[in-house]
Each structure stands twice: as C-alpha cells, then as structure tokens.
Amino acid sequence: MRNTERYPVKGANSLWHIYKTVPFVKVMKNFLVIQLARYTPFLKMKNWMYRTFLRMKVGDQTAFALMVMLDIMFPERIQVGRNTVIGYNTTILAHEYLIKEYRLGDVSIGDEVMIGANTTILPGVTIGDGAIVSAGTLVHKDVPPGVFAGGNPMKIIYTKEEMEQRSKQEEGDVWS
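All figures in this text were calculated on a predicted structure; none of them were measured in a lab. (Residues numbered from 1 in each chain as written. Predicted model: local features only at pLDDT ≥ 70, side-chain atom pairs only at ≥ 80, totals over all residues. Heavy atoms only, no water.)

## As for the pairing of strand E17 (residues 155-158)
With three bridges connecting them, strand E16 (residues 148-150) and E17 associate as antiparallel partners. Residue pairing across strands places Phe148 opposite Tyr158, the latter belonging to E17. Counted between consecutive antiparallel strands, the loop separating E16 from E17 contains four residues, among which Gly151 sits at a positive phi close to 100°. (Pairing = 2+ DSSP bridges. Helix = DSSP H or I, 4+ residues; strand = E, 2+ residues; numbered from the N terminus.)

Given below as structure tokens:
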C-alpha cells in the first residue's frame, strides 16, 4: 500500500479544486523550472535548480536524464539519494487528483538506485537503496533495497540475494 494522505472534496472533481490546494504562482514557478531542467544537459546545474528553486532533496552525483518530469505541484515532497540515475522521460508524482478526493504522498528514492527510461513513480512510494527499476515500469508500491523490479503491474523480478548472486557470476564471467 502506498503511503498517501487523502483529502476528500465536495462538488466538482478534485482537479477543479487545484488552486485551493496549491498556489497558482507556485505552480507556474515550478513549471518553468522543471521545463528548463528537462532540457538542460548539465547535471550539476539541473540538481542545483531542483535543490534551490523546488526545495527537493537531491543527493550528490545523482543524474536526472533528459526529459524527466517531476511533480509540478509538490516537488518538495520528492527526495532522491546519492549516485542515483533517473532514466529518460521518467515521471515522478507526489500528488494524484481523483474524482472525490486528492492524495499527496512523499516519494523517496534511495542511494545508488537505477530507474529505467519511461518509468512512472506514483505518490507515497519508497524505492530502497541499490534497487533497479526496469524501463517502462509503473511503480505503484514500495521497492525493497537491492531488488530488480519491473513491469506493469510492477513485480519483483530478482530479490536482493538473487541480484548479489548474479553479480558474482558476472564478475566471474569477466575474468574467465
């Protein structure tokens, strides 16, 4: 289960209540920063923009690939660890607007995590240290540390122990 806070709304669907939940000026500022960063090829500059203007926690040597789309309304609820790679065209959401409610949830991505291209990460998800998420995955629940996960719906493909065993085999193959 994802860890989200739920806020019921009355009347029109929750997206019609958007500027009661987040100020318009904040959304516009975030939109501009995120769009500039999506096309910026300089990783240090991109991370600086996220930390400075969006108040995100971004670890050292983390790489956001071209076209990564961060949550425009609540980017400060996204935290990414050290030496992590976020693949091309990945979307990371910290909110979801539904018909009768909206939900907010922190997204925590650990150290040395690899997120494949075109992945979508939903609000309230934690991805553990050293995990690998395959390209095109819908991350709808927590990913334990060190595992290889993928698919839609996402499932664990290799456990941490199986990944360690595969690494040892690959090391042996390189030296043979």
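## Concerning the environment of Val125
One can find Val125 in the loop between strand E12 (120-121) and strand E13 (126-127). For the pair Val125 and Ile78, spaced 47 residues apart in sequence, the C-alpha to C-alpha distance is 9.9 Å. Setting aside residues up to four positions removed in sequence, Val125 forms contacts with Arg2, Asp106, Val107, Ser108, Val139, His140, Lys141 and Asp142. (Contact = heavy atoms within 4.5 Å.)

## Overview of the sheet that holds strand E2 (residues 57-58)
What the four strands build is an open sheet, ordered E2-E5-E10-E13; its pairing is parallel. Edge strands, defined here as strands with exactly one partner in the open sheet, are E2 and E13. Pairing between strand E10 (residues 107-109) and E13: two bridges, direction parallel. Bridge pairing links Ser108 to Thr126 in E13.

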